[in-house]
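Spelled out, the chains give:
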Amino acid sequence: MFFHPMDILVFAAFGLALWAQAKVKSNFNKWSKVQASSGLTGMEVARRILDHHGLHHVPVEPVKGTLSDHYDPTKKTVRLSEPVYGGQSIAAISVAAHEVGHAVQHKEAYGALTLRHKMFPVVSISSGIAPFLLIGGFLLGSLNLIGLGIIFFSAAVAFQLVTLPVEFNASRRAKDFMIAEGIIRNEEERGVNKVLGAAALTYVAAALISLFELLKFIMIFANNRE
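Residues numbered from 1 in each chain as written. Predicted model: local features only at pLDDT ≥ 70, side-chain atom pairs only at ≥ 80, totals over all residues. Heavy atoms only, no water.

Draft legend 1. Structural context of helix 4 (residues 90-107). For helix 4, which comprises 18 residues, the first-to-last C-alpha distance of 26 Å matches the rise-based estimate of 26 Å (1.5 Å per residue) to within 8%. Among the residues trailing helix 4, Ala109 stands out with phi positive, at a value near 55 degrees. (Helix = DSSP H or I, 4+ residues; strand = E, 2+ residues; numbered from the N terminus. Expected span 1.5 Å × (residues − 1).)

Structure below.
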């Protein structure tokens, strides 16, 4: 249980996650110092994209913290961290446009996002129960508990996998709109790619960690059944 060949991949994915987190911070800090040629703030870019898609009713609100930006689907509100909300940098407008991308996905009932919303109530419960079932199963030597834990954990892994296309699609929408509307110039696309690409990598790393852990548990379960 404690030392398994799959742990090598888990540790590798964990290392990737740490590297991705560092890249997010470094890229955000770097491109926060580069003024966008449009002179627009993150809030203004968000508002322009929302209005363009007929989402006049969706507010853009400032929220405390750094990289705390998000779209709240329950209240249909885009919340931007203070550096993004009032910032005029490449980093600020990139993050703002990405979060608005989720609002546009919501309006258009983007398949992966719709599925993610439906999965959330189940996953919020199963992800909390799975560790206890797995630990209890291994301590008690109960294959039934381990198997049940794997099923619950699988739901959490599936949720993370579904999140990947949601995040990548939001970034693509953000970049495409800013290019089409002339918000960024050709030479600024590199900065946008750096900021959004690093953020997307964190989701990939998290999904890999969970996926490799799930495969580890499945392999242990299968070996114990033989």
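And the narrative resumes.
Draft legend 2. Structural context of the pattern of salt bridges. Evaluated as defined, the whole model comprises seven salt bridges. Across the pair Arg79 and Glu61 runs a salt bridge whose closest N-O atoms are separated by 3.5 Å. Of this pair, Arg79 sits in strand 3 (residues 77-81) while Glu61 sits in strand 1 (residues 60-63), and the two are 18 residues apart along the sequence. The residue Asp72 makes a salt bridge to Arg79 at a minimum N-O spacing of 3.0 Å. Take Asp72: its relative accessible area is 13%, and that puts it in the buried class. By relative accessible area, Arg79 is classed as buried at 15%. Each of Glu61, Asp72 and Arg79 takes part in salt bridges that share partners, so that together they form one network. (Salt bridge = Lys/Arg side-chain N within 4 Å of Asp/Glu carboxyl O. Buried < 20%, exposed > 50% of the residue type's maximum accessible area, 1.4 Å probe, protein only.)

Draft legend 3. Molecular detail of the nonpolar core. Core analysis: the biggest nonpolar cluster contains 32 residues, and Val45, Leu50, Val78, Met178 and Ile183 have the highest contact counts within it. The set of elements that each furnish at least two residues to this core consists of helix 1 (6-31), helix 2 (42-52), strand 3, helix 4, helix 6 (143-180) and helix 7 (189-225). The element contributing the most residues to this core is helix 4, with nine residues. In this structure, Leu113, Ala130, Ile146 and Leu214 belong to the second largest nonpolar core, which totals 19 residues. (Core = buried A, V, L, I, M, F, W, Y, C linked by side-chain atoms within 4.5 Å.)

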